[in-house]
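Observations on chain architecture
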Amino acid sequence: MELSSLLHELHLSSSSSSSEKPLPSPSLPPITELLTRLQEKLIGASSDSEKNTLIGRVERLFQTADPDWLFPQASHANQDAQREDLQAAYSSLVCALIGCAALPLCEDDCSSLPASAYQSIPCRAEPVCSALSALLGTLGNRGGLDVLLQAVAPPICVFAVTHFQDQAWTSSSSRKAAQRLQEALLRAGRWRDSPHLLMGDVSQGEEEEEEEEGRKKTSRGIVGGILDVLQPQLAKDSWHRCEAVKLVFAWTLLQVTRPALSPHLPRLLPPSLLFNDHYRQENCILGVRCLHHVVLNTPSADLRQFNRAEVVYQALFKHLYTTEAAVIQPALSCLSDLLLVLEKPPSSLAPSLSPRKPCRHDDVLRLTLTHMEAEHKVALRRVYASALPPFIDRMGVAVCRHLKRLERVVLGYLEVRDPPEETSRLKILEALQKTIRTVWPRIASRVSILLRCLLKLLLDVSSDSQLSDSVRQELMNQTTLCIKQLDGVCQGSLQPLLLQVDSSCCSSEVLGCLTKITTTTDR
């Protein structure tokens with residue numbers, strides 16, 4: 001029997017009314033046979049108009065056909081085989097529908113496709129979203145088909161995520177259609193939101209018997225199924241050919257948290273490392289974000305297993321040699337958290353008679369300070385300066401190993417303006433305060449040069465008309481605090497020198513700051 005005859009008998013031809021509710025005739029073949037033929041027709045369609053006509057009929061099929069015929073009950077004789085056949089038929093049809101709006105592939109990894117290559121994708125995606133939404137609506141209303149839903153949900157979710165993002169292959173209408181499809185998927189499986197869709201009920205304390213509208217809530221997540229769909233496209237030589245693959249993978253990974261992430265670590269870590277190692281900056285940043293999420297949401301023991309943490313460390317450490325602030329900032333943040341997995345922070349180690357051996361914390365701080373000395377880009381100076389104070393806290397007294405470099409960095413950064421927020425100077429002053437408090441016995445020999453720099457900073461800031469009042473006041477307060485700490489290190493010996501300063505050489509603002517130091521001194 002021809003497909004057109006089957007559709008006509010179901011009142012699903014283009015001239016039929018969508019409001020009719022026909023019942024299947026005994027002469028109709030099993031739904032698996034019809035789904036297979038629909039799949040073949042969709043794959044063999046030669047034009048967009050032919051595909052759209054078929055997709056529209058598929059949508060009406062799911063909207064009007066008898067649910068008992070669409071989802072027949074398996075007989076007891078060969079129940080498992082019948083269920084598998086039904087799942088395979090629906091999965092194949094879903095993949096055929098999704099293939100009608102598949103994105104074109106890049107020829108190589110050296111360039112991206114122009115926007116014109118995606119021009120026809122939005123108008124293809126919209127009818128596919130409507131057809132899949134109709135399937136999910138019928139499937140969700142039917143109930144008792146959790147296994148079938150688990151089979152079709154992963155590719156549908158990948159398709160929805162691909163098309164609801166603001167990218168070159170989407171339009172406002174196609175994004176809305178994809179968002180409706182994602183919402184239909186959540187309703188069909190009684191998932192609360194996207195993280196629940198991916199992870200399921202991972203909390204041991206959650207009530208699995210909770211019911212919503214009289215039906216038991218689905219507790220299984222589909223992150224494993226999504227990775228099954230993406231895995232063939234995430235190979236080293238092919239992931240860059242489709243722009244959407246990395247975005248769907250990142251969307252999935254960044255919503256999976258502990259403890260649901262750890263079981264999938266062997267499949268989540270390699271693509272993240274591939275993105276991290278790519279020469280294109282946007283891919284590199286995406287890879288660092290993925291790796292950071294993995295570090296934060298995986299138990300330390302799992303990361304150290306099979307030397308994974310060391311591999312990630314080496315992959316991130318090489319980014320410290322780049323000159324792009326957009327890469328350095330997330331890389332330093334991720335390294336900071338990863339170092340706690342690899343080793344104890346130096347500040348937490350107990351005193352020892354034997355010399356402390358250099359560790360990875362020393363390597364990162366040494367390289368960071370080395371690059372800070374010669375850096376002239378404002379954006380990078382801000383990134384480095386912001387990362388320095390927490391790292392000094394982490395190092396503790398072990399920062400003594402790096403005092404010479406740190407001194408040169410402090411002096412160099414305090415001399416250079418960084419309007420309008422003066423982020424670099426404020427962060428360097430914070431780093432200096434932490435250093436003085438931590439290694440004050442080593443600061444005494446450096447008081448003279450540090451004091452000259454800080455006094456010059458007070459004078460410069462007080463006369464800088466381009467700074468806002470709040471920023472100027474904050475800079476002067478922090479500088480004053482540093483001078484007070486230096487006076488405490490010298491046991492008050494700086495006060496006689498500061499008292500010699502009068503209004504002939506500085507403004508009243510500077511005199512006010514120095515008066516605070518000579519009145520009360522931290523010791």
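Just so it is clear, the structure is predicted and the values come from calculations on it, not from any experiment. (Residues numbered from 1 in each chain as written. Predicted model: local features only at pLDDT ≥ 70, side-chain atom pairs only at ≥ 80, totals over all residues. Heavy atoms only, no water.)

Scanning the protein from N- to C-terminus turns up 25 helices and two strands. Put simply, the protein has 523 residues, and 49% of those count as buried. As displayed, the protein has an accessible area near 24700 Å², and 51% of this comes from carbon and sulfur atoms. (Helix = DSSP H or I, 4+ residues; strand = E, 2+ residues; numbered from the N terminus. Buried < 20%, exposed > 50% of the residue type's maximum accessible area, 1.4 Å probe, protein only. Areas by Shrake-Rupley, 256 points an atom, 1.4 Å probe, with all protein chains shown as cover.)

Bringing the side chain of Asn283 into the picture now. Here Asn283 shows up in helix α13 (residues 281-296). When sequence neighbours within four positions are dropped, the list of residues in contact with Asn283 reads Trp239, Lys246, Phe275, Asn276 and His278. (Contact = heavy atoms within 4.5 Å.)

Quick look at the pattern of salt bridges now. Taken as a whole and judged by the stated rule, the model has 22 salt bridges. The closest approach of N and O atoms between Lys246 and Glu243, which form a salt bridge, is 3.5 Å. In this pair, Lys246 and Glu243 both sit in helix α11 (residues 243-253), three residues apart, roughly one turn of the helix. Like Lys246, the residue Glu243 is buried in the burial classification. A salt bridge links Lys318 to Asp277, with the shortest nitrogen-to-oxygen separation between them at 2.9 Å. Here Lys318, found in the loop between α15 (308-317) and α16 (325-342), pairs with Asp277, found in the loop between α12 (265-276) and α13; they are 41 residues apart in sequence, far enough to count as distant. Overall, the relative accessible area of 40% leaves Lys318 in the partly exposed class. Residues participating in the shared-partner salt-bridge network are Glu243, Lys246, Arg280 and Glu282. (Salt bridge = Lys/Arg side-chain N within 4 Å of Asp/Glu carboxyl O.)

The next thing to look at is the packing of helix α19 (residues 403-415) against helix α22 (residues 447-462). Relative to each other, α19 and α22 sit at 20°, their axes nearing to 10 Å. Considering the angle they form, α19 stands roughly parallel to α22. Here α19 and α22 pass one another in a crossing that is left-handed. The segment α19 lies against α22, with Glu407, Val410, Leu411 and Leu414 engaging Ile449, Leu450, Cys453, Leu454 and Leu457. (Axes fitted to C-alpha atoms, helices over the stretch in contact; angles between N-to-C directions. Parallel < 35°, antiparallel > 145°, perpendicular 65-115°, else oblique. Left-handed = near helix turned anticlockwise from the far one by under 90°.)

A cis amide bond, omega 5°, links Arg258 with the succeeding residue Pro259. With respect to the helices and strands, the residue Pro259 is situated in the loop between α11 and α12. Cis geometry is adopted by the peptide bond preceding Pro420, which originates at Pro419 and carries an omega value of 0°. With respect to the element layout, Pro420 can be found in the loop between α19 and α20 (423-438). Residue Phe306 is not a glycine yet carries a positive backbone phi of 60°. On the basis of relative accessibility, which here comes to 66%, the residue Phe306 falls in the exposed class. You will see that Glu422, though not glycine, has its phi angle at about 55°, which is positive. If you trace the backbone, Glu422 turns up in the loop between α19 and α20.

Among the structural elements, Ile43 can be located in helix α2 (residues 31-44). According to the relative accessible area criterion, Ile43 is exposed, its value standing at 59%. Remark: the alpha-carbon pair of Ile43 and Cys95, spanning 52 residues in sequence, is separated by 9.9 Å.

α22 packs onto α20 with a crossing angle of 150° between their chain directions and a minimal axis gap of 14 Å. Classified by the angle their axes make, α20 and α22 are roughly antiparallel. Considering the relative orientation of α20 and α22, their crossing is left-handed. Along the contact surface, α20 presents Arg425, Leu429 and Leu432, while α22 presents Leu450, Leu454, Leu457 and Val461.

Inspection of the entire model under this criterion finds eight aromatic pairs. Ring geometry for Phe71 and Tyr90: centres 5.4 Å apart, planes at 25°, overall stacked. Placement of Phe71 in the loop between α4 (67-70) and α5 (79-99) and of Tyr90 in helix α5 is noted, with a sequence separation of 19 residues between them. Accessibility expressed as a relative area gives 1% for Phe71, which makes it buried. Between the aromatic rings of Tyr313 and Phe317, the centroid separation amounts to 5.6 Å while the plane-to-plane angle is 35°, which identifies the pairing as tilted. Here Tyr313 pairs with Phe317, and both are found in helix α15, just four residues apart, close to one helical turn. (Phe/Tyr/Trp six-rings, centres within 6.5 Å; stacked < 30°, edge-to-face > 60°.)

Below, the discussion takes up the environment of Tyr90. Among the residues examined, Tyr90 registers a relative accessible area of 1% and is labelled buried. A C-alpha to C-alpha distance of 9.3 Å links Tyr90 and Gln39, two positions 51 residues apart in sequence. With sequence-adjacent residues up to four places away left out, Tyr90 is seen in contact with Ile31, Leu35, Phe62, Leu70, Phe71, Leu135, Leu148 and Val152.

Two residues of an α-helix separated by three or four positions point the same way, owing to the 3.6 residues in each turn. Given a rise of 1.5 Å per residue, 21 residues ought to cover 30 Å, and the 30 Å separating the end C-alpha atoms of α5 matches this to within 8%. Here the buried face of α5 lies against α2, α3 (48-64), α4, α6 (121-142) and α7 (146-164). (Expected span 1.5 Å × (residues − 1).)

The next subject is helix α25 (residues 508-519). Taking 1.5 Å as the rise per residue, α25 with twelve residues should run 16 Å; its terminal C-alpha atoms sit 16 Å apart, in good agreement. By the burial criterion, the buried members of α25 are Val510, Cys513, Leu514, Ile517 and Thr518. One side of α25 carries all its buried residues, which in axial view fall inside an arc of 135°. Turned more than 90 degrees from where α25 packs its buried face, Ser508 and Thr519 sit exposed. Summarising the contacts, the buried residues of α25 are in contact with α22, α23 (469-489) and α24 (495-499). (Arc of directions from axis to C-beta.)

As a further point, take the environment of Pro72. The topology assignment puts Pro72 in the loop between α4 and α5. Pro72 sits eleven residues away from Arg83 along the chain, and the two C-alpha atoms are 9.3 Å apart. Each residue touching Pro72, except ones within four places of it in the same chain, is listed here: Ile31 and Leu86.

To continue, consider the confidence of the model for the protein. Caution applies to low-pLDDT regions: their predicted coordinates should not be interpreted in detail. Here the protein averages 87 in pLDDT, while 89% of its residues score no lower than 70. Segment residues 9-20 is flagged for pLDDT under 50; beyond a separation of four residues in sequence, or across chains, it makes 25 contacts in the model. Taken together, the stretch residues 204-218 has pLDDT below 50 and engages in 27 contacts with residues farther than four places along the chain or on a different chain. (pLDDT = per-residue confidence, 0-100.)

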